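Architecture at a glance
Each chain, written out:
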Amino acid sequence: MTEGANAKFQKRVFSGIQPSGGLTLGNYLGAIKRFVEMQDTGIETVYCVVDMHAITVWQDPEALRRQTRELAAGYFAAGLNPEKSILFNQSQVSAHAELGWVFNCVARMGWMNRMTQWKDKTAGKDAEKASLGLFAYPSLMAADILVYHATHVPVGEDQKQHVELTRDIAAKFNHDYGVDFFPITEPVIEGAATRVMSLRDGTKKMSKSDPSDMSRINLTDDADTIAKKIKKAKTDAEPMPDLPEMLAGRPEAKNLVSIYAALAGQTVEQVLADYAGQGFGSFKPKLADLAVETLAPISTEMGRLMQDPAEIDRILGLGADRADAIARPIMERTYEILGMVRSRH
Ligand code: AQP
């Protein structure tokens, strides 16, 4: 991880996931697996269930409650240790919303208009009917990161533009108020599967809110469902090539090979060295076995943890206390920089 302009800031990792549905293989490979790896690097790690982001599109309250706990269970089942990392849900730490508002006043409408996720999520729909929160989503995300003065943010490819916007917001705030207060955060995008694609369309990312359940592998899918989804995954008639560059123009083939590589902890080159010349008919069952082997223990552990929702809530609450202790002084200093009068007595 590079230090760059952030030498004066203590290294701190922040990232979050929305409880907007069940976790997918994309969330696991692009985010959670890497979050867990980072907790052993000696750098403070702060991870969040971003429930306030989830409500930028309507959520059934009962489902949101369940999905929040299920996401926390997913983090723990994948190896997140609450003694090593701080895990909490966003709405319990009010500084996120407070700094989000400040950043709404720093960020420009034109910046938000350029966000590809905003364009993707409103494509083919009437953007006038989207919530103001969905439009301002990247500003709240910048607040999530900067309220901890986080220097590094592990994310999938799809979130890179939002982290770049976070850097722009930090730089504009620092410039407008003549301070060097917010760090210029680095995105950390590494690994063979930083962009896991839909199993039905290799040009679309795998997403928990995709209407087609066959497009994704859920962390809670059983072995038969995983095998069925991989068997039915779209591919082409060509055999596996020898070299990664020969996967260009074959998005579905590239996706399955990348998923295999990420699950096996190999490079795409190594996977091709083993399977070159074979058809997907023989590759898919091997991929299914590997996916089941990796995900089954996580799914079983999630099921066990979900039996005790009060314990999940307790751990999230303790995490919120620790997160608040970092965020509150940063928020108070922000108010001071802005010129807001805070003394009451
Ligand atoms: N397909 C993916 N490949 C790699 N990484 C992914 N991530 C999400 N999908 C993929 C990473 O997971 C983290 C959490 O994402 P999020 O839930 O906050 O929002 P998202 O990126 O919008 O994920 P979804 O699944 O597509 O959610 P919905 O459908 O609700 O919008 C991020 O680090 C993201 O990069």
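Residues numbered from 1 in each chain as written. Predicted model: local features only at pLDDT ≥ 70, side-chain atom pairs only at ≥ 80, totals over all residues. Heavy atoms only, no water.

1. Quick word on the domain arrangement of the chain
For the chain, the assigned domains read domain 1 (3–194 + 308–338) and domain 2 (213–304). Here domain 1 and domain 2 have C-alpha centroids that lie 29 Å from each other. Facing the 14 residues of domain 1 at the interface are 16 residues of domain 2. Summing both partners gives a buried area of about 1,200 Å² for domain 1 against domain 2, and 78% of it is carried by carbon and sulfur. Of all residues in domain 1, L25, A77 and A192 bury the most surface against domain 2, accounting for 41% of the area lost on that side. Connecting domain 1 to domain 2 are zero salt bridges. The tally of links from domain 1 across to domain 2 stands at two residue pairs in polar contact (both at pLDDT 80 or more). Of all elements in the fold, only α1 (25–38) and α3 (61–77) reach the threshold of two or more residues within the side of domain 1 that touches domain 2. A class-by-class count of the residues in the side of domain 1 that touches domain 2 yields nine nonpolar, two polar and three charged. (Domains from an automatic or database assignment. Contact = heavy atoms within 4.5 Å. Buried area = accessible area lost by both parts, 1.4 Å probe. Salt bridge = Lys/Arg side-chain N within 4 Å of Asp/Glu carboxyl O. Polar contact = N/O pair within 3.5 Å; in protein donor to acceptor, adjacent residues only side chain to side chain. Helix = DSSP H or I, 4+ residues; strand = E, 2+ residues; numbered from the N terminus. Nonpolar A, V, L, I, M, F, W, Y, C, P; charged D, E, K, R; others polar.)

2. Some details on the side chain of N218
Within the secondary structure, N218 sits in the loop between β5 (186–188) and α9 (223–232). A relative accessible area of 9% places N218 in the buried class. Polar side-chain contacts of N218 include one of 2.9 Å to the side chain of D213. Once residues within four sequence positions are removed from consideration, N218 is found in contact with L23, T24, D213 and K229. (Buried < 20%, exposed > 50% of the residue type's maximum accessible area, 1.4 Å probe, protein only.)

3. What about the packing of α1 against helix α10 (residues 251–264)?
The N-to-C vectors of α1 and α10 enclose an angle of 45°; their axes lie 11 Å apart at closest approach. On the basis of the axis angle, α1 is oblique to α10. As α1 runs across α10, the sense of the crossing is left-handed. Contacts between α1 and α10 pair L25, L29 and K33 from the former with I259, A262 and L263 from the latter. The class makeup of the residues in the contact of α1 with α10 is five nonpolar, no polar and one charged. (Axes fitted to C-alpha atoms, helices over the stretch in contact; angles between N-to-C directions. Parallel < 35°, antiparallel > 145°, perpendicular 65-115°, else oblique. Left-handed = near helix turned anticlockwise from the far one by under 90°.)

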